[in-house]
Amino acid sequence: MIPVLGLVVGLVVGLLLDPSVPIWLQPYLPIAVIAALDAVFGAVRAVLDGIFNDKVFVVSFLSNVVVAAFIVFLGDQLGVGAQLSTGVVVVLGIRIFSNVASIRRHLFKA
Amino acid sequence: MTSPAEHPTNERPERSDRGDGAQPPKPPKQRTSSGSVEGAAAWRRLLRIGRPRATRANALAAVLAIALGGAIAAQVKLTNDRDLGQLSQSDLIRVLDDVSLRASRLDQQVRELEATRDRLKSGVGTGSEAIDQATKRVDTLGILAGTIGAQGPGIVLTIRDPDRAVTGPIILDVIQELRDAGAEAIDIGGVRVVASTFVGDNDGTLTVDGAGVARPVVIKAIGDRKTLASAMSIPGGIVETVRQKGASASIAEQSTLQITSLHTPTPMTHAKPVP
């Protein structure tokens, strides 16, 4: 409940306050969000697998975000930012899909 | 299933593969009370794990979730209302293409509309020109047909013949000579001379178009006055002929002469214009 509530609260707050994203953060925010979503879905799957750990979740969440942002930063520096971003999004998307598939199997036995 | 000790919170920090994957082949050692669950049990576990617990990790997770929600909202907002400054190069090129395409289309439209405007303008010009021409033509034809008054330079020829010796043929000669000399409008004794005018004699009374003409006969002609006057007074001309008949003719040149008599045209019963 807490994560879902937190997500909803964050969404509402974000929509209401209309935060302006700083310029320096704008390239990294989309990838960071995708990486965080990957961590969240991984966490749900871990819960259902019975191997969930709060600390691991927090650490993996933060490290996912940081690594994703770093990859985008590195790609920008190397001049392959767009391609690298696409690659990261693809990889994270695949992971999200496989995690969701696993969650689905747990919850619906299908 | 696995009711009480389901919280696997801090007892296996070594499972570091989970946030970014939760690999299915999990080491058997952390079978605390959990393990893989399915169906209703899985739902129950989700609810239980989501319950608020007063651990620091749980609070951190909540904070992270809030941050994630805010980030998503911000990013969505950013994506929705980003302006040109945040567009990528390819997007900018596409926008530029769109704009230039649109501009060229509008340019073409402007050209077409300008051409139409010019056409209409020149059409208006030729229309008014045509009206001018037609008005002039109407005036000319009206003067020739005697349906409107005329004024201009001309001569006044006065024939005094107490003996009534000047007869129709001489008046006819006068008209002929005046026309030869380029007279554009002729008036004899108050009767407008037109194409159908006839001159007659009725017991010594001169008639023009059937109307009697009092003597002395006053003939007005509008045209080049020098030419008209010389045409009248040349040797063997009208003046001399009249004089031979015992009458006298005098010519007065006038710079402005008015002929106000009008001829009423008879409607055509047979002749129709050729289309």
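Here's what I pulled together on the structure shown here. Just so you know, these numbers come straight off a predicted model, no measurement behind them.

On to the overall build of chain A, then. Looking only at helices and strands, chain A features four helices and zero strands. Counting the 110 residues in chain A, one finds 44% classified as buried. A sequence separation of at least 24 residues applies to 73% of the contacts in chain A between residues at least 6 apart.

A cluster of nonpolar side chains, V4, V8, V9, V12, V13, L16 and L17 of chain A together with I66 of chain B, forms an exposed patch at the surface whose accessible area comes to about 710 Å². Note that V13 of chain A resides in helix α1 (residues 2-17).

Counting residues in each nonpolar core, the largest one holds 31 residues, and the members touching the most others are I171, L178, I186, I188 and I219 of chain B. Those elements that provide at least two residues to this core are β1 (150-160), α4 (168-180), β2 (185-188), β3 (191-193), β5 (205-208), β7 (217-222), α5 (225-233) and α6 (238-244) of chain B. With five residues, the top contributor of residues to this core is α4 of chain B. Apart from residues no more than four positions distant in its own chain, L178 of chain B is found in contact with I155, A183, I186, I219, A221, L228 and M232 of chain B. Counting 20 residues, the second-largest nonpolar core is a separate cluster that includes A46, F52 and V58 of chain A together with I49 of chain B.

With that settled, consider the sheet that holds strand β8 (residues 248-259) of chain B. Strand pairing in a sheet relies on backbone hydrogen bonds. The paired strands run either parallel or antiparallel. All names here are of chain B. If you walk across this open sheet you meet the five strands as β3-β2-β7-β1-β8, and the pairing is antiparallel. Of all strands in the sheet, those bounded by a partner on one side alone are β3 and β8. Put simply, the sheet's adjacent strands are angled 20 degrees from each other on average, direction ignored. Direction of pairing for β2 relative to β3: antiparallel, over a ladder of three bridges. Bridge pairing links D187 to R192 in β3.

The next point concerns the packing of helix α2 (residues 29-49) of chain A against helix α3 (residues 54-78) of chain A. The description of two packed helices rests on the angle between their axes and on the distance between the axes. Residues and elements named next belong to chain A. Where α2 contacts α3, the axes come no closer than 8 Å and their chain directions differ by 150 degrees. Here α2 is positioned roughly antiparallel relative to α3, judged by the angle of their axes. Crossing angle aside, the handedness with which α2 passes α3 is right-handed. Facing I31, A32, A35, A36, D38, A39, V40 and A43 of α2, the residues of α3 in contact are F57, S60, F61, N64, V65, A68 and V72. Looking at the contact of α2 with α3, its residues break down into twelve nonpolar, two polar and one charged.

Here the focus is the pattern of salt bridges. Applying the stated criterion across every chain, the model contains four salt bridges over all chains. For D38 of chain A, the salt bridge goes to R95 of chain A, with nearest N and O atoms at 2.7 Å. With a gap of 57 residues between them, D38 of chain A in helix α2 and R95 of chain A in helix α4 (residues 81-108) connect regions that are remote in the sequence. What makes R95 of chain A partly exposed here is its relative accessible area of 24%. R117 of chain B is paired through a salt bridge with D118 of chain B; the nearest N and O atoms lie 3.4 Å apart. Among the residues examined, R117 of chain B registers a relative accessible area of 44% and is labelled partly exposed.

What counts and how
Residues numbered from 1 in each chain as written. Chains lettered and ligands numbered in written order. Predicted model: local features only at pLDDT ≥ 70, side-chain atom pairs only at ≥ 80, totals over all residues. Heavy atoms only, no water. Helix = DSSP H or I, 4+ residues; strand = E, 2+ residues; numbered from the N terminus. Buried < 20%, exposed > 50% of the residue type's maximum accessible area, 1.4 Å probe, protein only. Contact = heavy atoms within 4.5 Å. Patch = residues over 30% accessible without salt bridge, like charges linked within 9 Å, V, L, I, M, F, W, Y side chains within 5 Å. Areas by Shrake-Rupley, 256 points an atom, 1.4 Å probe, with all protein chains shown as cover. Salt bridge = Lys/Arg side-chain N within 4 Å of Asp/Glu carboxyl O. Core = buried A, V, L, I, M, F, W, Y, C linked by side-chain atoms within 4.5 Å. Pairing = 2+ DSSP bridges. Axes fitted to C-alpha atoms, helices over the stretch in contact; angles between N-to-C directions. Parallel < 35°, antiparallel > 145°, perpendicular 65-115°, else oblique. Left-handed = near helix turned anticlockwise from the far one by under 90°. Nonpolar A, V, L, I, M, F, W, Y, C, P; charged D, E, K, R; others polar.

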